[in-house]
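Understanding the architecture of this molecule
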Amino acid sequence: MNSTDLREVLESRSADSAEHVMHHLRLHGVRAKVRRRRRQRVAAWAAAGVAVALASAAAVVTSGSPAPAPAGPPTLAGFPEYAQGARAI
């Protein structure tokens, strides 16, 4: 086999057939779907992470304020002798 024969054989084998082109188009479509699904997953996880961060920040902010101190002994309408459901004499 000389170099011209080899060149002809290689050119005939490397010529793009319709089947070969369709295969590449199909692969391109599959890769596009995989990339789109991957971006959607990353976006969903990022949104979940932001939601968790905001919820934990809100919990820290609301729990950071001290509870009001009691004003004194429990009273009923301002009268301590009636506190706790009984009259203290």
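This write-up is about the structure you can find in this document. (Residues numbered from 1 in each chain as written. Predicted model: local features only at pLDDT ≥ 70, side-chain atom pairs only at ≥ 80, totals over all residues. Heavy atoms only, no water.)

1. Quick look at the overall build of the protein
The number of helices and strands found in the protein is two helices and zero strands. Expressed as a percentage of the 89 residues in the protein, the buried residues total 1%. Element-wise, carbon and sulfur atoms account for 64% of the exposed surface of the protein, whose accessible area totals about 8200 Å². (Helix = DSSP H or I, 4+ residues; strand = E, 2+ residues; numbered from the N terminus. Buried < 20%, exposed > 50% of the residue type's maximum accessible area, 1.4 Å probe, protein only. Areas by Shrake-Rupley, 256 points an atom, 1.4 Å probe, with all protein chains shown as cover.)

2. Points about a positive patch on the surface
A contiguous patch of positive charge on the surface is contributed by Arg31, Lys33, Arg35, Arg36 and Arg39. As for its placement among the helices and strands, Lys33 is situated in helix α2 (residues 18-63). Residue Lys33 is classed as exposed on the basis of its relative accessible area, which comes to 55%. (Patch = residues over 30% accessible without salt bridge, like charges linked within 9 Å, V, L, I, M, F, W, Y side chains within 5 Å. Salt bridge = Lys/Arg side-chain N within 4 Å of Asp/Glu carboxyl O. Lys, Arg positive; Asp, Glu negative; His and termini not counted. Charge placed at Lys NZ, Arg CZ, Asp CG, Glu CD.)

3. A short note on helix α1 (residues 3-14)
Here α1 contains 12 residues, and its C-alpha end-to-end distance of 16 Å stays within 8% of the 16 Å for a straight helix at 1.5 Å per residue. By the criterion of burial, α1 is predominantly exposed, with just zero of the 12 residues buried. (Expected span 1.5 Å × (residues − 1).)

4. Examining a nonpolar patch on the surface
Taken together, the side chains of Val21, Met22 and Leu25 define a hydrophobic patch exposed on the protein surface, amounting to about 270 Å² of accessible area. You can see Met22 is positioned in helix α2.

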